[in-house]
Structures are given as C-alpha cells and as structure tokens.
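# Residue-level structural notes
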Amino acid sequence: MTTMLLLLLTTALVNNVVLSQFLGLCPFLGVSKQLKTAAGMGVAVMCVVTLSSAITSLLYNGVLLPLKLQYMNTIVFILVIAALVQLVEMALKRYSRPLYAALGVYLPLITTNCAVLGVALQNVQQENGFLTSVVNGFGTSLGFFVAIVVMAGLREKIANNDVPESFKGMPITLLTAGLMAIAFYGFKFL
Amino acid sequence: MGTAVLIAAAVVGGMGLLIGVLLGTADKYLSVATDELTEKIREVLPGNNCGGCGYAGCDALAEAIAKGEASPTACPVGGQAVAALVCELTGKKAEFTRMSAYVRCAGTCEKTRHIYEYFGDEDCRRVTMVPGRGTKACAYGCLGFGSCVKVCEYDAIHIVEGVAVVDKEKCTACGKCVDACPQNIIEMVPYDAEYMVTCLSQERGKSVKDMCEAGCIGCGLCARECTTGAITMKNNIAHIDQNDCTNCGWCLEKCPTKVIRKR
C-alpha cells in the first residue's frame, strides 16, 4: 500500500509528466486558457491514460508477451489509445456538449499526446504489473491534471495584467511554464 | 519466419476488428442525434478546422450556422463558393458583397508640398520613423514607398505619381495591404461603391490647403447636402457610409475641393 501511495506521489509531483518529463506539451499550452476547459481536458486525459495503461498492461502481459510480439507494442498501444480517445469523445459529445465544443480539435489530439503513449511504454520498460501500471497511469495523468489546471489558473490571472507587447500570447505562457517547471523541481527533494 | 508475420498480422488485425466492433456498439448507445442540416453544412465546409471563423472548428461553425447564430458567409477560407453552397442549404439569401481595397489619399507628387528630400530605405514603415512622417508635408497621407505593393499577391495595387492606387478589378479583398499600410489609409469598400472621400487628413481647413491641393478641408458641405444622410463629419474629415450611399453623385457635385472622387 505504501509503495503504491509513494508511486502515486512520485508520478504526480516529483516526475511530473509535463513539467519534468516535458511530455504532452501540446494540450498543456493549447487548452490552458480557461480553467474550466483545462479541467475538462485534464479529466479527459486522466480517463484515457488510466484506462489505456490498464488495457495495454493486460494486452502486453496477456497477448504480446506469450506470443513473443513485444516489438509490436507501439502499434498495438496506439491502436488501443486511439480507440479509447474515440470512446471518450463520444461520451463527451453525449454528456457534455459545451465541453466537447470547447476542447475542439484538442480532443482527438489526445491520441497523439505523447504522455499517453509514454506512460504505456514506460510500464512495459519498467516491467510493471497490472496494478502498478494502473497506479502509474493514474498518477501520471493526475500530474498532467494538476499541471494544466495550475497553468490555466495562472494564465487567467495573467490575462488581466498589462503584459508588454512583445511578451503577449505564447512568450509569456512559455515563460510561466518554465518557472512552473523550476518550482516543480523542488519536489525532487521531498 | 512466415508464421511469425502471420501471427503478428492476425493479432493486430484481430484487435482492430474487436475494437471496431466495440466502438460500433458504443456509438449506438452514445451517439447523439445531430441535426440533418448541421451535417449537410459540415460537409460543404472546407474541414480544415482552422478556426478562422472564430469558432472551435468546422463542426462548431456548422452548428452555429444551422442555428442561425453565424452568417452563412462566415467561413473566410471557403469564400464565395462555399458561402453560395451554404446559402443554398439554409435557404438564406447570399449576402456576400464583393469588396475591394481603396486608398484614401490623392496627394500625388504634384498636388502635395514636399518638405525635404529623403534618401534611405524605400519602405513605408521605415519612413514613418523619420520626422514629419515622410517627405510630404501631410502626415496622414500615402507615403508612396509601396509597402502595400510589395505585399499584394495579385498585382492589384501600384504607386502612381507617388500615391498608391488599387485596381479594383484585380483586387481580391485579401486585406494584406490594409495591414501593411502604416498610415492606415487603405480601406475595404464594396466593389460597387463609386464615391469616396479620398483624404484622411485631420488638420483644419487652412493647414490642409497649405499642405496639399487634394485634401479634405472639412467644410461639411457634403454631409449637409447628402440626401440619404450617408455622410458624416469626424475630426475634420468626411466619411461616406457605403451601406447608405445610393451613388447619386450629388456630394461630388457639391464638394468644393473635389476630394470626393468617382472611381
């Protein structure tokens, strides 16, 4: 139990997927303008990552490993992830139309969010068991959720400030992201 | 060796099939009945999801058009062709007016007084940095260094006697010259509009006269005489609202400096 909790904490904060591994930057910068959509994106990614790490772990250990098809893992994982994203998209379209509209093109782009594939491949590399994989996936996506929500909160505040002309838009956002990454570096010493 | 390939293909293919079936079933339970009109409009739109219309993507725009929130002509990429198709679907009249750029300055080399000689970069934005904003006495007019000419991809704008002039037949209303002009004297006007105030100087009448023979002195006669009230005065300059203008030509008749021009 303690190891699981520790794993959760490590993946969510210390090895934060966005701010210390620099994975999944596209939605992190693209959908962090508003707190609400950012939270929606975070939850969507959490669903996809947790589910995909569960399924890919089962598939890898149950199908690919016995058949000695380990080299197919990337293709198989992408297949699973794409299907899951499709599923999440359908569910969102059905149950939360405004969120679906707000996420727009970034929703199908979760498929190519490298954080998702990254977690799945990481599980394989570290030879994680099923439960460890799920916790790892959940922790990582929780890290993504935390990062994107904090970022959106900061950006909402920044929007009200008088930013110098040359820093408007992406430059100030990237600077903020960099400062946040430095702040998260502090978790290394927990 | 051959069997290994077959197994791999079978595993991935089988998984694809399984996922396909699962998604198909999920679609049955989760699908939302989308409006038929929305679907049809969506098919007509370009589908690049560029967001140029201000909506999150083509899907969002299609929905907004179907609901009547957005104009059928809202897609800037599709232009007239797409607008016509969308109008056909929605049954709305195509309100796509062809536009063209117009340079609001008539201060040619002859008509405008020059205050000094300029030797330097031939670029309007650079010239705005020098004192007096260029060699012409008037600080509001065309600088004549052709930054607009350089950005035009359609060969529709040229410098004629020190002033940019738009060929409205070639102009596609892309708006690049409008953005390029540091003096902000290029305007988008309807292609059919005939009468323009060809000056933007905010100076008072006498100083305008001193600087340029082709300037608007802000007398306001046109605004008083206009039968449809399309002309308003602001900052010593006349503006014609082309939506209200009937192209009668009375203002040109009355204008003492003939700064209102027919094109």
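Right above here is the structure, for reference.
Let me begin by describing the structure that accompanies this report.

Conventions adopted
Residues numbered from 1 in each chain as written. Chains lettered and ligands numbered in written order. Predicted model: local features only at pLDDT ≥ 70, side-chain atom pairs only at ≥ 80, totals over all residues. Heavy atoms only, no water. Helix = DSSP H or I, 4+ residues; strand = E, 2+ residues; numbered from the N terminus. Contact = heavy atoms within 4.5 Å. Areas by Shrake-Rupley, 256 points an atom, 1.4 Å probe, with all protein chains shown as cover. Buried < 20%, exposed > 50% of the residue type's maximum accessible area, 1.4 Å probe, protein only. Pairing = 2+ DSSP bridges. Buried area = accessible area lost by both parts, 1.4 Å probe. Salt bridge = Lys/Arg side-chain N within 4 Å of Asp/Glu carboxyl O. Polar contact = N/O pair within 3.5 Å; in protein donor to acceptor, adjacent residues only side chain to side chain. Nonpolar A, V, L, I, M, F, W, Y, C, P; charged D, E, K, R; others polar. Core = buried A, V, L, I, M, F, W, Y, C linked by side-chain atoms within 4.5 Å. Phe/Tyr/Trp six-rings, centres within 6.5 Å; stacked < 30°, edge-to-face > 60°. Lys NZ or Arg CZ within 6 Å of the ring centre and 35° of its normal.

Each helix and strand in chain B was counted, giving 10 helices and 8 strands. Residue pairs at least 24 apart in sequence account for 57% of intrachain contacts in chain B once pairs closer than 6 positions are excluded. Within the structure as shown, chain B displays about 14700 Å² of accessible surface, and the carbon and sulfur contribution to it stands at 54%.

With that settled, the discussion passes to the overall build of chain A. Helices and strands together make up the secondary structure of chain A, namely 8 helices and 0 strands. Helices and strands in chain A line up, N terminus first, as α-α-α-α-α-α-α-α. Each of the 190 residues in chain A was classed as buried or not, and the buried ones make up 43%. Considering only contacts in chain A between residues 6 or more positions apart, those separated by 24 or more positions represent 77%.

Next up on the list: the pairing of strand β7 (residues 237-240) of chain B. Regular strands have side chains that alternate between both faces of the sheet. Residues and elements named next belong to chain B. With 4 bridges connecting them, strand β6 (residues 231-234) and β7 associate as antiparallel partners. Residue T232 lies in a different strand from β7, and its bridge partner there is H239. Between β6 and β7, which pair antiparallel in sequence order, lie 2 residues; one of them, N235, sits at a positive phi of approximately 50 degrees.

Turning our eyes to something else, we now look at unusual backbone geometry. Positive phi is not limited to glycine here, since A:K68 has a value of about 60 degrees. As for its position among the elements, A:K68 is in the loop between α3 (35-64) and α4 (73-95). The residue B:N184 is not glycine, and still its phi comes out positive at about 50 degrees. Summarising the element assignment, B:N184 is placed in the loop between α7 (176-180) and β4 (186-190). A residue is classified by how much of its surface remains accessible, and B:N184, at 56% relative accessible area, is exposed.

A few words on the interface of chain B and chain A. Many analyses report the size of an interface as the accessible area lost when the parts associate. Each partner contributes to the interface: chain B provides 19 residues, whereas chain A provides 23 residues. Summing the contributions of chain B and of chain A, the shared interface buries around 1600 Å²; its carbon and sulfur component is 79%. For the chain B face of the interface with chain A, the top three residues by lost area are B:M15, B:L23 and B:L30, together amounting to 32%. Summed over the shared surface of chain B and chain A, the result is 0 salt bridges. On the surface where chain B and chain A come into contact, there are 1 residue pair in polar contact (both at pLDDT 80 or more). When residues of the side of chain B that touches chain A are traced back to their parent elements, those giving at least two are α1 (2-30) and α3 (58-67) of chain B. Per-element accounting of the side of chain B that touches chain A gives the leading share, 13 residues, to α1(B). Residues belonging to the side of chain B that touches chain A are distributed by class as follows: 13 nonpolar, 3 polar and 3 charged.

Counting 55 residues, the largest nonpolar core has A:L19, A:F28, A:V76 and A:I110 as its most contacted members. Counting only elements with at least two residues in this core, the list comes to α2 (25-30), α3, α4, α5 (97-103), α6 (114-125), α7 (130-159) and α8 (170-185) of chain A together with α1 of chain B. For this core, the element with the highest residue contribution is α4(A), accounting for 10 residues. Setting aside residues no more than four positions away along its own chain, A:L19 makes contact with A:F28, A:A147, A:A177, A:M180, A:A181 and A:F184.

The next subject is the packing of aromatic side chains. Under the criterion given, the structure shown has 4 aromatic pairs over all chains. Residues A:Y185 and A:F189 carry aromatic rings whose centres are separated by 5.9 Å and whose planes lie at 85 degrees to one another, so their mutual orientation is edge-to-face. Taken together, a centroid distance of 5.3 Å and an interplanar angle of 70 degrees make the contact between B:Y118 and B:F145 edge-to-face. Residue B:Y118 is found in the loop between β1 (99-103) and α5 (124-127), and its partner B:F145 is found in the loop between α5 and α6 (147-151); the two are separated by 27 residues along the sequence. The class for B:F145 is buried, based on a relative accessible area of 17%. Above the ring of B:Y191, the side-chain terminus of B:K168 is found at 4.6 Å from the ring centroid.

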